[in-house]
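Coordinates in review
Below are the chains, spelled out letter by letter.
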Amino acid sequence: MSESRANGQTSADLPEHVDGVFVGAGHNAMVCAAYLARAGQRVLILEAAPHIGGGTTTDEITLPAFRHNLHAFFVRWTPEYAVWNDLDLDRYGVTSIYPDTQNAVPFDGGERALVTYADLDRSVAEIERISTADAAAYRRLYTDYTELVAKVDTPMRFAPPLPTDELVDLLSGSRLGRQYLAMDAQSPLDIVRGAFESEPVRSLVLFNVSVRGYLPILDVPGIGSIVALALANSQGARMVRGGTNEVARAIAAAVVDYGGTIVADAPVASIDVSGGRATGVTLANGRSVKTNYVVSGAPSPITMTELVGHEHLDPSLREELADYRWLEEALFGVHWALSERPAFTAEVYNPDVPTALNLALGYESSDDIEAHMHLVRSEENTADAPLHSSIPTLHDPSQAPAGHHTTFGWHFVPGPSTRGTWDEGAVEERVKALVETYRRYAPNVDRATLATASHSPDATERRIISMRGGDRHHGSFHPTNWGINRPSARMPGYATVIDGLYLCGASQHPGGSFHGQPGYNAAACVADDLGLDKWWQPVDIRAALRALD
Ligand SMILES: Cc1cc2nc3c(=O)[nH]c(=O)nc-3n(C[C@H](O)[C@H](O)[C@H](O)COP(=O)(O)OP(=O)(O)OC[C@H]3O[C@@H](n4cnc5c(N)ncnc54)[C@H](O)[C@@H]3O)c2cc1C
């Protein structure tokens, strides 16, 4: 990967000593490293894979010139986003695309579809065609939740987790805080079914909750606030011109411009600890680098028990990490190279269906989603394969040869229990099921197909060694694994029980997805410990919550 050698470095000619070593060039580690490099630190990022960016891969896996986003595709990165702004990613030519048509959920066997837009009035008008009561409820909740997310949820994500008692105390002092607490006490399924009467609207909102990694826990009380985020953001999804990896490329370029070094093909085999302090890392090829501190973007249980080692952990922490709750599902993907775009039966009802950035195929009601939740929990596959899709080339023709298209289907399967089971037969069976679902809603898909390629949870792990069994969020969003409990009540946040060792990946608050928040929060934690000047403006979460009305 070019960035790995941007400053002429390979794992054969590493420096002997740097200020900070980062394990992995996932986006979170690169975000953290970029902030610290700009604060004057000499940072070195070591990536196991030949490519950088972790779960932001864009690759030509079907045919040449057809670019597929194998992992993150739906993103929130815009020039207004704090991290984008701070790191001035505009200077690297990265562009986010914000389609007018945001969601389409075909129903009535694909004869009709609920479509929502970036524009609230257009969304409400479409819902009105199905239910007047839901149109009014959607407008009211969208407005309420947008305020709740802007003033409560987002600041909490861009800050370290607070102890539960203190958080409840702070939130109890305001109208918005109390609304957040009341929502959070419920389950997403109960909130959505209580708020809307029509099944397509319920399905649209629950689908937007599920895609964040919540499908297997939709009926669990204690995570209801995710409905506010999902609904408020359901009209804000974006994609990246040229593919998601372009943002990772821009963050990597920022690291290098601030004086940092990124080396690919450099798996870290151990974090060296002496006298209770992290003193360096040793690579799989035997080379060592000494450092003042180590920041790991690999999941915390893997970092602590495999890279550091049990002998440095006390028995109760070892037990907590052994019981770590991994994500309860994984995504099985199929990617298509197409000669023409899929044409949906539901276009007769609403011609905007194909341009929806989020397409939910096979989830026509909340019952469909709930049934899938139960199957994933009992570690079974569905007979059919409901899927999450998009046609990226309708918004960015550069992702395929002229006049051609790409599409994909992501489908929830049980995880991580299926780790290592995705042999040829299992893959073929799921591909067949996904193609069948796509065909049901867009009958021309077979004729349009030039090539397909699958991406099973095992294939994800082959590309990203730390996404075991395809665990894309480095752990569950269950309430026992959230906030101050993530990754462990004994070791919340970003500092660890080893001096000079920090964690910055998706297993830290506020968890996975391509948003860089764990990396951003970890940078402030390291900067505080080292007494560095924080050149950016981190959120003072206590002050933000006290100031709420
Ligand atoms: C199929 C799929 C679809 C997804 N879709 C979306 C989406 O649409 N939107 C969204 O926001 N998110 C999506 N995600 C989730 C998102 O990709 C992840 O949550 C995100 O990548 C986590 O970022 P991270 O930096 O914490 O870790 P990772 O991306 O996992 O990066 C960790 C890096 O560390 C490296 N590493 C690990 N161990 C070592 C070691 N010992 N030595 C050296 N390097 C090491 C790995 O190789 C990897 O590059 C998706 C993920 C998958 C798999």
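Along each chain, residues carry numbers from 1 onward, in the same order as the chain's sequence is written. pLDDT decides what is reported in this predicted model: residues at 70 or higher carry local features, side-chain atom pairs at 80 or more are listed and counted, and totals for whole chains, interfaces and linings draw on all residues regardless.

Topic: the overall build of the protein chain
Keep this limit in mind: Think of it this way: any DSSP run of H or I at least four residues long counts as a helix, any run of E at least two long counts as a strand, and we number them from the N terminus. Three classes are used. A residue is buried when 20 or more other C-beta atoms lie within 10 Å of its own, exposed when 12 or fewer do, and partly exposed in between, with C-beta atoms placed from the backbone. This entry defines residue contacts through backbone-placed C-beta atoms, with two residues in contact when those atoms are within 7 Å.
Check the secondary structure of the protein chain and you find 18 helices and 18 strands. Taken along its principal axes, the extent of the C-alpha atoms in the protein chain is 65 × 55 × 45 Å. Looking at the protein chain as a whole, 54% of its 549 residues qualify as buried. Contacts spanning at least 24 positions in sequence make up 75% of the contacts within the protein chain whose residues lie at least 6 apart.

Some remarks on the pairing of strand 13 (residues 329-338)
Defined as follows: Two strands make a pair as long as DSSP finds a minimum of two bridges between them.
The buried count for strand 13 comes to 10 of 10 residues, which makes it a mostly enclosed element. Of the two faces of strand 13, both are covered, the one formed by Glu329, Leu331, Gly333, His335 and Ala337 as well as the one formed by Ala330, Phe332, Val334, Trp336 and Leu338. Judged from the 6 bridges that link them, strand 13 and strand 17 (residues 449-455) form a sheet pairing that is antiparallel. When the bridges of strand 17 are listed, histidine 335 appears paired with alanine 453.

Quick look at unusual backbone geometry
Between glycine 415 and proline 416 the backbone carries a cis peptide bond, its omega angle lying at -5 degrees. On the secondary structure map, proline 416 appears in the loop between strand 16 (405-414) and helix 14 (424-441). With phi around 75 degrees, alanine 65 is a residue other than glycine that occupies positive phi space. Residue placement: alanine 65 occurs in the loop between strand 3 (58-59) and strand 4 (68-69). Residue alanine 65 is classed as partly exposed on the basis of its C-beta count, with 13 C-beta atoms lying within 10 Å. At aspartate 88, a position not held by glycine, the phi torsion is positive, near 55 degrees. Mapping aspartate 88 onto the fold places it in the loop between helix 2 (82-86) and strand 5 (96-97). Residue classification places aspartate 88 among the partly exposed positions, given that 13 C-beta atoms sit within 10 Å.

Some remarks on the pairing of strand 1 (residues 17-23)
A large share of strand 1 lies buried, amounting to 5 of its 7 residues. With 4 bridges connecting them, strand 1 and strand 2 (residues 43-46) associate as parallel partners. Within strand 2, the position partnered with glycine 20 by the bridge is valine 43.

A word on the site of the ligand
This is how the line gets drawn: Each residue gets a C-beta atom placed from its backbone. Should that atom fall within 6 Å of a molecule or strand, the residue is termed near it. Gly falls in the polar group here, along with every residue not listed as nonpolar (Ala, Val, Leu, Ile, Met, Phe, Trp, Tyr, Cys, Pro) or charged (Asp, Glu, Lys, Arg).
Taken together, 40 residues surround the ligand, and among them Gly24, Gly26, Gly54, Gly55 and Gly512 come closest. Within the residue set of the shell around the ligand, elements represented by two or more residues are helix 1 (27-38) and strand 13. When residues of the shell around the ligand are assigned to their parent elements, the largest contribution, 3 residues, is made by helix 1. Of the residues assigned to the shell around the ligand, the class counts are 20 nonpolar, 18 polar and 2 charged.

What to know about the sheet that holds strand 17
What counts here: Between N-to-C directions, angles cover 0 to 180 degrees, with each direction set by a line fitted to C-alpha atoms, over the stretch in contact for helices.
Spatial ordering of the open sheet is given by 7-6-14-15-16-13-17, a layout of 7 strands whose pairing is mixed. With partners counted over all chains shown, the strands left at the sheet margins are strand 7 (112-117) and strand 17, one partner each. Each strand of the sheet is rotated relative to its neighbour by a mean of 20 degrees, with strand direction disregarded.

Focus on the environment of glutamine 102
If you trace the backbone, glutamine 102 turns up in strand 6 (residues 101-107). Taking the number of C-beta atoms within 10 Å as the measure of exposure, glutamine 102 has 26 and is therefore buried. Residues glutamine 102 and leucine 359, 257 residues apart in the sequence, show an inter-C-alpha distance of 8.5 Å. Apart from residues no more than four positions distant in its own chain, glutamine 102 is found in contact with Thr116, Tyr117, Ala118, Ser234, Gln235, Ala237, Ala356, Leu357 and Asn358.

Considerations on the packing of helix 1 against helix 17 (residues 517-530)
Definition in use: For any helix crossing, the convention is left-handed if the near helix is rotated counterclockwise from the far helix by under a right angle, and right-handed if that rotation is clockwise.
Across the interface, helix 1 lies against helix 17 with an axial gap of 7 Å and an inter-helix angle of 40 degrees. The crossing of helix 1 and helix 17 is right-handed. Contacts between helix 1 and helix 17 pair His27, Asn28, Ala29, Val31, Cys32, Tyr35 and Leu36 from the former with Pro518, Gly519, Tyr520, Ala522, Ala523, Val526 and Ala527 from the latter. A class-by-class count of the residues in the contact of helix 1 with helix 17 yields 11 nonpolar, 3 polar and no charged.

Quick word on helix 6 (residues 175-184)
So the rule is basically this: To be clear, the arc concerns the directions from the helix axis to the C-beta atoms.
What helix 6 keeps buried is the set Gly177, Tyr180, Met183 and Asp184. Looking straight down helix 6, one finds its buried side chains confined to an arc of 130 degrees; they lie on one side. The inward-facing, buried residues of helix 6 contact helix 4 (132-157), helix 5 (164-172), helix 7 (188-195), helix 9 (226-233) and helix 18 (541-546).

Quick word on the nonpolar core
Worth spelling out the cut-off: Buried Ala, Val, Leu, Ile, Met, Phe, Trp, Tyr and Cys residues whose C-beta atoms connect them within 7 Å together make up a nonpolar core.
Membership of the largest hydrophobic core comes to 160 residues, with the highest contact counts inside it found for Phe22, Met30, Cys32, Ala33, Ile45 and Ile251. Counting residues per element, this core draws most heavily on helix 1, which supplies 9 residues. Discounting chain neighbours no more than four positions away, the residues touching alanine 33 are Phe22, Val43, Ile45, Val255 and Gly260.

Quick look at the environment of leucine 141
If you trace the backbone, leucine 141 turns up in helix 4. The sequence separation of leucine 141 and leucine 231 amounts to 90 residues, and the corresponding C-alpha distance is 8.1 Å. Setting aside its immediate chain neighbours within four residues, leucine 141 contacts Ala195 and Leu231.

Some words on the environment of glutamate 370
Checked against the element boundaries, glutamate 370 lands in helix 13 (residues 366-377). Residues glutamate 370 and leucine 189, 181 residues apart in the sequence, show an inter-C-alpha distance of 8.3 Å. When residues no more than four places from it in sequence are discounted, the contact partners of glutamate 370 are Leu189 and Leu218.

A closer look at the packing of helix 1 against helix 10 (residues 245-257)
What counts here: Here the word oblique covers every angle except those under 35 degrees (roughly parallel), over 145 (roughly antiparallel) and from 65 to 115 (roughly perpendicular).
Running from N to C, helix 1 and helix 10 cross one another at 30 degrees; their axes reach a closest spacing of 8 Å. Taken together, the axis directions place helix 1 and helix 10 in an arrangement best described as roughly parallel. Between helix 1 and helix 10 lies a crossing of left-handed hand. Facing His27, Met30, Val31, Ala33, Ala34 and Ala37 of helix 1, the residues of helix 10 in contact are Ala248, Ile251, Ala252, Ala254 and Val255.

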